[in-house]
Structure formats: C-alpha cells, structure tokens
Amino acid sequence: MFEVMIAFGVLLISAVSVFVAYNANRTQGRILVASVWPSLVFGTSTASPEGLPQVSLDLLNRGVGPTRVRWAEVSYKGQPVSDLLRCWRHAVVRWRTIPDYWS
C-alpha cells in the first residue's frame, strides 16, 4: 500500500511539473511576441531641412520588430488622392501660379 501512495505522489508531481513547464513556455512565447511589436510613427512637414517649402509625408518604424503596411491612403478635402501629380495640377490651377521655388 505504501508503494502505491509513493507511485501516486510521483505521478502527481510529474503532472504538476508538466503543467508548470507548459504554462512557462506559453508565457515566454507571449513575452517574446510582445517585445518585438512595431511602432509606426506618422509625420508631416511643409518645409525642407534647408527651410524651403515642400510637402512630405513620413511613415517610420520606431519599434523593434518588422512592420507590414498593408495599405495607406492620402486624402485631400475628404477625398482620396489616387494621383499626386493630378492633385498638384489642381492646386496650381486653384492658386493660378507656380511658386518660384518649385519652377
């Protein structure tokens, strides 16, 4: 009878050990995934580093892991812009002049 109790105790300790090891491995996996999350930063600018007027759109990955951008959309006055050159021409017609720093 004493041998059966020892065998049962060993099986119980083994089962608990497997459960603890499984949970520890799962937790480590979650920590690893969380530690490599990307961090996208979006910025705009209307001037170049030299101080000349320009329009720039920046999308930077400041995170640790890789980033996959599936789509992006630029809109002007609530309408999506499919052709930046056409948008530029529309702005020139509206302003009726081309600024001398872009000619």
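Above this text is the structure in question.
Criteria and thresholds
Residues numbered from 1 in each chain as written. Predicted model: local features only at pLDDT ≥ 70, side-chain atom pairs only at ≥ 80, totals over all residues. Heavy atoms only, no water. Helix = DSSP H or I, 4+ residues; strand = E, 2+ residues; numbered from the N terminus. Buried < 20%, exposed > 50% of the residue type's maximum accessible area, 1.4 Å probe, protein only. Contact = heavy atoms within 4.5 Å. Pairing = 2+ DSSP bridges. Patch = residues over 30% accessible without salt bridge, like charges linked within 9 Å, V, L, I, M, F, W, Y side chains within 5 Å. Areas by Shrake-Rupley, 256 points an atom, 1.4 Å probe, with all protein chains shown as cover. Salt bridge = Lys/Arg side-chain N within 4 Å of Asp/Glu carboxyl O.

**Examining the overall build of the protein chain**
Link 1 in the chain: Of the regular secondary structure elements, the protein chain holds two helices and four strands.
Link 2 in the chain: In the protein chain, the succession of α and β elements from N to C terminus is α-β-β-β-β-α.
Link 3 in the chain: Scored against the burial criterion, the 103 residues of the protein chain give a buried share of 6%.
Link 4 in the chain: Considering only contacts in the protein chain between residues 6 or more positions apart, those separated by 24 or more positions represent 27%.

**What to know about the pairing of strand E2 (residues 53-61)**
Residues in a regular strand project their side chains so that they alternate between the two faces of the sheet.
Link 1 in the chain: Both strand E1 (residues 40-47) and E2 contribute to a ladder of seven bridges, which runs antiparallel. Opposite Thr-44, over in E2, you have Leu-57 as the bridge partner.
Link 2 in the chain: Linking E1 to E2, which pair antiparallel, is a turn of five residues; within it Gly-51 sits at a positive phi near 95°.

**A few points about a nonpolar patch on the surface**
Link 1 in the chain: A cluster of nonpolar side chains, namely Leu-40, Phe-42, Val-55, Leu-57, Leu-59, Val-69, Val-74 and Leu-84, defines an oily patch on the protein surface of about 780 Å² accessible area.
Link 2 in the chain: Put simply, the parts of the chain that give the nonpolar patch at least two residues each are E1 and E2.
Link 3 in the chain: At three residues, E2 tops the list of elements feeding residues into the nonpolar patch.
Link 4 in the chain: Here Leu-57 is to be found in strand E2.
Link 5 in the chain: You can call Leu-57 partly exposed: its relative accessible area is 49%.

Fair warning: the whole summary comes from geometry, so function is off the table for now.
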